[in-house]
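Close look at the chain arrangement
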Amino acid sequence: MSELNPTQVSINSDTGAVSPETGRYIKHLSELEGIYFDGEAWARTLREESDPVVYEVVEFKKQGSDLFFGTTTMQPGKVGDEYYMTRGHFHEDRTKSEVYCTLSGRGLLLLENRQGQCETVEMREGTCAFIPPDWAHRSINCGSEPLVFSWFCSVEAGHDYGQILKQGMRKLCLDRDGEVEMVDNPNFN
Ligand code: PA5
Ligand code: NI
C-alpha cells in the first residue's frame, strides 16, 4: 500500500468551491429528463429558462485513498411545483454509507431503503446526515438560496441510478402555496 500524505483542502461554504479540486461536473436541467414528476413543466422550464444549471458537484480524490469528498451546490428553483433536486441513487456497493454536511442554504435529504421505509433529514447549516448502507438518497433545495453541502464517501461506493431513474422515489417534495409538502409519488410502483 502506498504511503499517503495529509492534505489541506479548502471548501467555500457559499459557493461550494473546493481547492485543490480533482474533478467536477455540472447538471443542467436538460440532463435531468424523467427525474421530475411533471414532464410538461420540465420541458416548459427548459425552454423558458434556457436550460438552467440545477447543480454542480466538485470533488477532491487522493489517488490510493479509500475515501474521497467534495461538495454539491444546488441552485434554488422549481420544475412546476417540485423543488430542484439531484437524480438520487443507491450506492453500487450496498455496504457503503456516506455522510452529508450542510454548509449553507436550506433543503431536505430524502432517503428510502429497499423495504420501502422513507425518511427525511433536514439540511441547514451545521447539520450532518448519516446515510446508511443501501439507502437511496436525493437532496432537495427547498429554500431561496443555493444549497451547499459537503459529502464524504468511500471511493468504492459507486452510483446506481437505475432504479430511481425508472420509477422515482416514493415521496415528492412540493411547494404548496409557499409551504414545503411531502406527498406520495403517484408514479411510484
Ligand atoms: O455521492 C453522493 O451522494 C453525492 O456526491 C451525489 O452524487 C451528488 O450530490 C449528486 O447527486 P446525484 O449523484 O444523485 O445526481
Ligand atoms: Ni451517494
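Below, the structure is looked at part by part. Quick caveat: nothing in here was measured; it's all calculated off a predicted structure.

Conventions we followed
Residues numbered from 1 in each chain as written. Chains lettered and ligands numbered in written order. Predicted model: local features only at pLDDT ≥ 70, side-chain atom pairs only at ≥ 80, totals over all residues. Heavy atoms only, no water. Donors = N, O, S within 2.8 Å, 3.2 Å for Na, K, Ca; no water. Buried < 20%, exposed > 50% of the residue type's maximum accessible area, 1.4 Å probe, protein only. Near = heavy atom within 4 Å. Polar contact = N/O pair within 3.5 Å; in protein donor to acceptor, adjacent residues only side chain to side chain. Helix = DSSP H or I, 4+ residues; strand = E, 2+ residues; numbered from the N terminus. Nonpolar A, V, L, I, M, F, W, Y, C, P; charged D, E, K, R; others polar. Contact = heavy atoms within 4.5 Å. Salt bridge = Lys/Arg side-chain N within 4 Å of Asp/Glu carboxyl O.

Looking now at the coordination of the nickel ion (ligand 2). Protein coordination at the nickel ion (ligand 2): the donors are His 89 (NE2), His 91 (NE2), Glu 98 (OE) and His 137 (NE2), at 2.1 to 2.3 Å from the metal. Along the chain, the residues that donate to the nickel ion (ligand 2) are spaced as H-x1-H-x6-E-x38-H. Per residue, the accessibility class of His 91 equals that of Glu 98, and both read buried.

A word on the site of ligand 1. Contacts to ligand 1 come from 15 residues, most closely from Tyr 55, Arg 87, Glu 98, Tyr 100 and Tyr 161. Between ligand 1 and Tyr 55 there is a distance of 2.5 Å, counted from an oxygen atom to a side-chain nitrogen or oxygen. His 137 is positioned such that a nitrogen or oxygen atom in its side chain is 3.2 Å from an oxygen atom of ligand 1. Listing elements by their share of the shell around ligand 1, those giving two or more residues are strand S4 (53-61), strand S8 (98-104) and strand S13 (147-154). Counted by class, the shell around ligand 1 contains seven nonpolar, six polar and two charged residues.

Along the chain, Asn 185 falls in the segment after strand S15 (179-184). Setting aside residues no more than four positions away along its own chain, Asn 185 makes contact with Phe 37, Gln 167, Gly 168, Met 169, Arg 170, Lys 171 and Leu 172.

On to unusual backbone geometry. In the segment running from Ser 19 into Pro 20, the intervening peptide bond is cis, with an omega of 0 degrees. Relative to the helices and strands, Pro 20 resides in the loop between strand S2 (18-19) and strand S3 (23-28). For Asp 51, which is not a glycine, the phi torsion comes out positive at approximately 50 degrees. For Asp 51, the location among the structural elements is in the loop between helix H1 (39-48) and S4.

Glancing now at the environment of Ser 10. Within the secondary structure, Ser 10 sits in strand S1 (residues 10-11). Once the C-alpha coordinates of Ser 10 and Glu 98 are considered, the two residues, 88 residues apart in sequence, prove to be 20 Å apart. Among all residues touching Ser 10, those that are not within four sequence positions of it are Ala 17, Val 18 and Ser 19.

Turning to the pattern of salt bridges, a few remarks are in order. Close approach of charged atoms lets side chains of opposite charge pair. Within the structure shown, the criterion is met by eleven salt bridges. Notably, a salt bridge pairs Arg 24 with Glu 21, separated by 2.7 Å at the nearest N-O pair. Owing to a relative accessible area of 47%, Arg 24 belongs among the partly exposed residues under this scheme. The salt bridge involving Asp 93 is made with Lys 96; its shortest N-O contact spans 4.0 Å. The exposure class assigned to Lys 96 is partly exposed, which follows from its relative accessible area of 21%. One network of salt bridges, in which partners are shared, links Glu 21, Arg 24 and Glu 56.

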